[in-house]
Each structure stands twice: as structure tokens, then as C-alpha cells.
Amino acid sequence: MPLSPGPFTGRTVSGLAQDLREGRTSAAELAKQALDAVAELDPHLNAFVTVDPEGALAAARRADEELAGGTDRGPLHGIPVGVKDLIDVASLPASMGSRHFAGHVPAADAECVTRLRSAGAVVVGKTTTHEFAYGPTGDRSAGGPSRNPHDPARMSGGSSGGSAAAVAAGMVPLALGTDTGGSVRIPAALCGIAGFKPAFGAIPTGGVFPLSRSFDHVGVLAADERDCLAAYECLASTRPFEGERQVRVAWLDPAELFAGDPRVVDAVRGVSGAQDEVRLPSGVAEALHETYTVIQSCEAAAVHASRMVHAPELFDPEVRERLRVAGELPGWRYVQAVERRVELGSVVAALFARHDVVALPTVPITAPPLQQRESELDGRAFLVRAALLGLTSPWNVAGLPALTVPAGTVDGLPVGLQLVCRPGQEPLLFEAAALRATSAA
């Protein structure tokens, strides 16, 4: 039986903000709606690991008092928000999805949460993460898997699967996630919402548990690109350029990176707004994937080296095995990958020589069933993890801003259009997304 839509389904942050300022609702009422929705829907989806009713209602009352007193903190003032359980929120448990951190309660907010609060947002609770964010499937966590609202028997994607499920189900209109190889964009695409990974370093990662420091990003998930932009502008350290111009969009054949379901490719290309095509030079796709794998694996192994020695049994078995393999990579491969990453950055930058935005699918398949690790397409076997990461991780290697927006459905399951640009060109990214919405309508 399909789940009932949550109270924020079909409602935008801008619309909620207008309702707040025109007296049609209050921050306290929005917080109560979010808490009630979590109580009703979360048993089916496992999107939240911790809910903070007292803290959320207290913050909402303060937001109402400030608005009544003439203090308006901007578009997120009074808006309920979920925060991935990899990001510290003072006085709320932060388990990182792992038994290693059972009972851990940070004393201070992560910097991005401090900025959320400064913008007037109301933190409702912590959302489910794949253990230590080390997986794109979202179904390996000490608290169980997060589930896809379109079909709870399928993956939400990961590692920010709880944030995506919470927004897609309408429990909250906005959530924070992290993205090391696609962990915001993958679940956003599989759950049918928007997700934005900014340029590397644009949103501070202080107070965020690391997976791979070279690639870790904080990102945002929301119903559409406009809400992602509103949140990003409240969280970013710097603002992108101002001004508008006609955006030039080029299509990148996803088969260069990972050959997926042609129905997904056709659906996405049909709404991409691409006027031209670009190609990667021979061998670059393979180099991007290898560079990502080596750097991320070595850095993840370093983060967890002590835990792997002293308490390996506390890891999920799949995560533990990935860390074991990662720990066997020789140091010289890491050094070579770091050097190659610089070279690849220049090659990828050439994609934007004549275009502002590169378009391709976010994920080349629809949401797989929970726990599925291998699948087949047109007689070709593939690893689910490789498919989920295949079109997103290259942009983490290059540190480029990337946005996913809904692009229709295949077999009733959502697919996403991914748009990529150079740092500082983010307004053109969101303009391209708006053009997609116009053409789709």
C-alpha cells in the first residue's frame, strides 16, 4: 500500500516562508506537522534515527517570537530541517550509523548546523546514514536501512538516504547530507527530489565525521532546485557571481563513465535542455574512477585504522570488508592518485571551454531492491555499487558543483538529471535546472 504523503509534499521552502510571514501558519505549527509526520511515516521508512521534539518546538517558538518582533533571518527562518547523522548537532546522539559510536553525544554543533540555526532553521532530528557514509546503497546502518518512499522494498540510496527519504516523503522540506562520491545526489535521484553538492570547501565540514577528506562535501536535499539554492546561500562561505546570461548546456554520454539502462538515459536526455555534446578524452573516465577509488579507499582506511585493529566486530560486515581491502592498498598508489588528480582536474575543466553546464543522468539505473549487490542489464552483469557511483564520483575528484533534479520516472521509479558546472558558476547551474523544469512542463 502506498504511503500517505507527508505535510510538506508539494510545498516549497519559499511558499512556506511566505505563509509564515503572512500569518497563515507559524513555525511552531510547521514543527508540529513535521514531528507528527515522522511519527506516522518513519516506521515504514527509517529515515530518522533521532527525533528532538522538545528542541524543535523550542526553536520554532523562538523563530515565531523573532518574526513577531521584527527579526527576519531569511528564507530558512522557521523551516523544519533534518540533519544527517554524520553531522554533529549539540546534545543529540551522533552514531554515524555505527555501533562504534553508540551513546556518543557531541557537545557542539557542526559549523554547517551553526549556520542553519543562524538562518533561523528548526532542527527536527538526525537522519539515517549508511555506516560511516561508506556506501552508496543506504542499507548498511546500525539502525537498519533507510527505505525509498516510492517503494519501501527498494533502496533510498546512500549514504544520505535518510535525508532523501525524509524530504521525498514530505516529513521535512529540507535536509542536510554529505557527499563524498555522490552521497547527496544518488539518494536524491533515486527518491525523486533535488540534491546539491557544492564546490569543494564551499560549505564547511568542521564537525562532520570524515570519510575521505579530499572529497567530502556537505550538501543539501530539497523538493526542488530553488529550495536547494536558498539553503546553499545560507550555508556557503562565499557567494557565486551575480548576474544572468543565457546558459549553454552540453550533454555528456553517460556510457563513457558507466553504461546503464537506456530507458533512464532517454528519459533524462529528453529534459536536459542540452544544445550540444561533449566527450571525455580516451582513458580519462577510467582514470577518474581509479583515482577516486584509490584516494577514497586509502583515506577511509586511515580514518578507521584504530577501530579496525581494536574493535573490528563492531562494524557492519560489508563495511568492515571494504575497509580491510582498502587498508591493503600500498602507499605509492595513493601518492600517484593524488598527483593524477591534479592532472585530471585540468582535463575535466576543458569540458567547459565552450559550455557552462554539462548534463548527464545522476544514476544510470532505477532504485535497486534492498540488499541487492549484483544485477544484470541486457545480459550484462554489473555491481550495484559501481552503477550508483559511476556518474557522480568523477565530479568529486574534480571538486565541481553538481546538482540533481527530478527527470521523470522509469517503471514508476524516479530518475534524476545531473548538472555540473565550474566553481563560481552556480547560478548557471540552477538556471539550467529551471530551463529543464520549463521544458518538462
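Below, the structure is looked at part by part. Keep in mind the model is a prediction, meaning the values are calculated, not measured.

If you tally the helices and strands in the protein, you get 15 helices and 15 strands. Computed over C-alpha atoms, the radius of gyration of the protein comes to 20 Å, within 12% of the 22 Å expected from 2.2 N^0.38 for 441 residues, which places it in the range of a compact globule. Oriented by its inertia axes, the alpha-carbon framework of the protein measures out at about 60 × 55 × 45 Å. Across the 441 residues in the protein, those meeting the buried criterion constitute 58%. Counting contacts in the protein only where the partners sit at least 6 residues apart, residues at least 24 apart contribute 77% of the total. Put simply, the protein shows about 16500 Å² of open surface, and 52% of that area lies on carbon and sulfur atoms. If you average the places of the 38 positive and of the 50 negative side-chain charges in the protein, the two averages end up 2 Å apart.

In this section: unusual backbone geometry. Gly-158 connects to Ser-159 through a cis peptide bond whose omega is 10 degrees. Of note, Ser-159 is situated in the loop between β5 (151-155) and α5 (161-168). Backbone geometry places Phe-132, a non-glycine residue, at a positive phi of 55 degrees. Secondary-structure assignment places Phe-132 in the loop between β3 (122-127) and β4 (147-148). In this structure, Ala-133 takes a positive phi of about 65 degrees despite not being glycine.

For the rest of this paragraph, the subject is the state of the cysteines. Per the counting criterion, the structure on display carries 0 disulfides. The cysteine Cys-234 is free of any disulfide, with Cys-228 supplying the nearest cysteine sulfur at 12 Å. By relative accessible area, which is 22% here, Cys-234 ends up partly exposed.

Further remarks concern the nonpolar core. Counting 85 residues, the largest nonpolar core has Cys-112, Met-171 and Val-357 as its most contacted members. Of all hydrophobic cores here, the second largest spans 42 residues; its members include Leu-280, Leu-351, Phe-352 and Phe-382.

Further remarks concern the pattern of salt bridges. Evaluated as defined, the whole model comprises 25 salt bridges. The partner of Arg-73 in a salt bridge is Glu-66, and the shortest N-O contact between them spans 2.8 Å. For Arg-73, a relative accessible area of 38% translates into the label partly exposed. Overall, the relative accessible area of 24% leaves Glu-66 in the partly exposed class. Between Glu-321 and Arg-324 there is a salt bridge, with the nearest N and O atoms lying 2.6 Å from each other.

Turning our attention to the sheet that holds strand β10 (residues 276-278). Pairing in this open sheet of 11 strands is mixed, and the strands run β1-β3-β2-β6-β8-β7-β14-β15-β11-β9-β10 from one edge to the other. Strands at the two margins of the open sheet, each flanked by one partner only, are β1 (48-51) and β10. Taken pair by pair, the neighbouring strands of this sheet meet at an average axis angle of 30 degrees, ignoring direction. Sheet topology places strand β9 (residues 249-252) next to strand β11 (residues 357-361); 3 bridges connect them, and they run parallel. Bridging from a neighbouring strand, Ala-250 pairs with Val-358 of β11. The strands touched by helix α2 (residues 27-45) within the sheet are β1, β2 (80-84) and β3, with β1 carrying the most contacts at an inclination of about 135 degrees.

Counting through the fold element by element, Ser-141 comes out in the loop between β3 and β4. The residues touching Ser-141, leaving out its near neighbours within four places in the chain, are Gly-97, Thr-128, Thr-129 and Glu-131.

A few words now on the packing of helix α9 (residues 284-303) against helix α11 (residues 317-327). Viewed as axis vectors pointing N to C, α9 and α11 meet at an angle of 105 degrees, and their least axial separation amounts to 8 Å. Taken together, α9 and α11 sit at an angle that is classed as roughly perpendicular. Together, Gln-296, Ser-297, Ala-300 and Ala-301 of α9 and Arg-322, Leu-323, Ala-326 and Gly-327 of α11 make up the contact between the two elements. Residues belonging to the contact of α9 with α11 are distributed by class as follows: 4 nonpolar, 3 polar and 1 charged.

Let us look at the packing of aromatic side chains. This model, assessed by the stated rule, comprises 8 aromatic pairs. Aromatic pair Phe-101 and Phe-209: ring centres 5.4 Å apart, planes at 75 degrees, arrangement edge-to-face. On the criterion of sequence distance, the pair formed by Phe-101 in the loop between β2 and α4 (111-118) and Phe-209 in the loop between β7 (194-197) and β8 (217-222) is long-range, its members being 108 residues apart. Like Phe-209, Phe-101 is buried. One aromatic cluster is present, formed by Phe-101, Phe-132, Phe-209 and Phe-315 through successive ring pairs.

What follows is about the side chain of Asp-179. Here Asp-179 lies in strand β6 (residues 174-179). Asp-179 gets classed as buried once you look at its relative accessible area, which sits at 0%. A distance of 3.4 Å separates a polar side-chain atom of Asp-179 from the backbone nitrogen of Ser-183. Here Asp-179 is in contact with Val-184, Arg-185, Lys-197, Phe-215, Asp-216, His-217 and Asn-396, once residues within four sequence places are set aside.

Okay, α11 next. When we look at burial in α11, the residues that qualify are Glu-318, Val-319, Arg-322, Leu-323 and Ala-326. Projection of α11 onto a plane perpendicular to its axis shows the buried side chains occupying an angular sector of 135 degrees, all on one side. When the buried face of α11 is taken as reference, the exposed residues oriented beyond 90 degrees from it are Pro-317 and Gly-327. Buried-residue contacts for α11 involve α9, α10 (305-310) and α13 (384-389). Sitting at the amino-terminal end of α11 is Asp-316, which places a side-chain oxygen 2.8 Å from the backbone nitrogen of Glu-318.

Conventions used here
Residues numbered from 1 in each chain as written. Predicted model: local features only at pLDDT ≥ 70, side-chain atom pairs only at ≥ 80, totals over all residues. Heavy atoms only, no water. Helix = DSSP H or I, 4+ residues; strand = E, 2+ residues; numbered from the N terminus. Rg over C-alpha atoms; globule rule 2.2 N^0.38 Å. Buried < 20%, exposed > 50% of the residue type's maximum accessible area, 1.4 Å probe, protein only. Contact = heavy atoms within 4.5 Å. Areas by Shrake-Rupley, 256 points an atom, 1.4 Å probe, with all protein chains shown as cover. Lys, Arg positive; Asp, Glu negative; His and termini not counted. Charge placed at Lys NZ, Arg CZ, Asp CG, Glu CD. Disulfide = S-S within 2.5 Å. Core = buried A, V, L, I, M, F, W, Y, C linked by side-chain atoms within 4.5 Å. Salt bridge = Lys/Arg side-chain N within 4 Å of Asp/Glu carboxyl O. Pairing = 2+ DSSP bridges. Axes fitted to C-alpha atoms, helices over the stretch in contact; angles between N-to-C directions. Parallel < 35°, antiparallel > 145°, perpendicular 65-115°, else oblique. Nonpolar A, V, L, I, M, F, W, Y, C, P; charged D, E, K, R; others polar. Phe/Tyr/Trp six-rings, centres within 6.5 Å; stacked < 30°, edge-to-face > 60°. Polar contact = N/O pair within 3.5 Å; in protein donor to acceptor, adjacent residues only side chain to side chain. Arc of directions from axis to C-beta.

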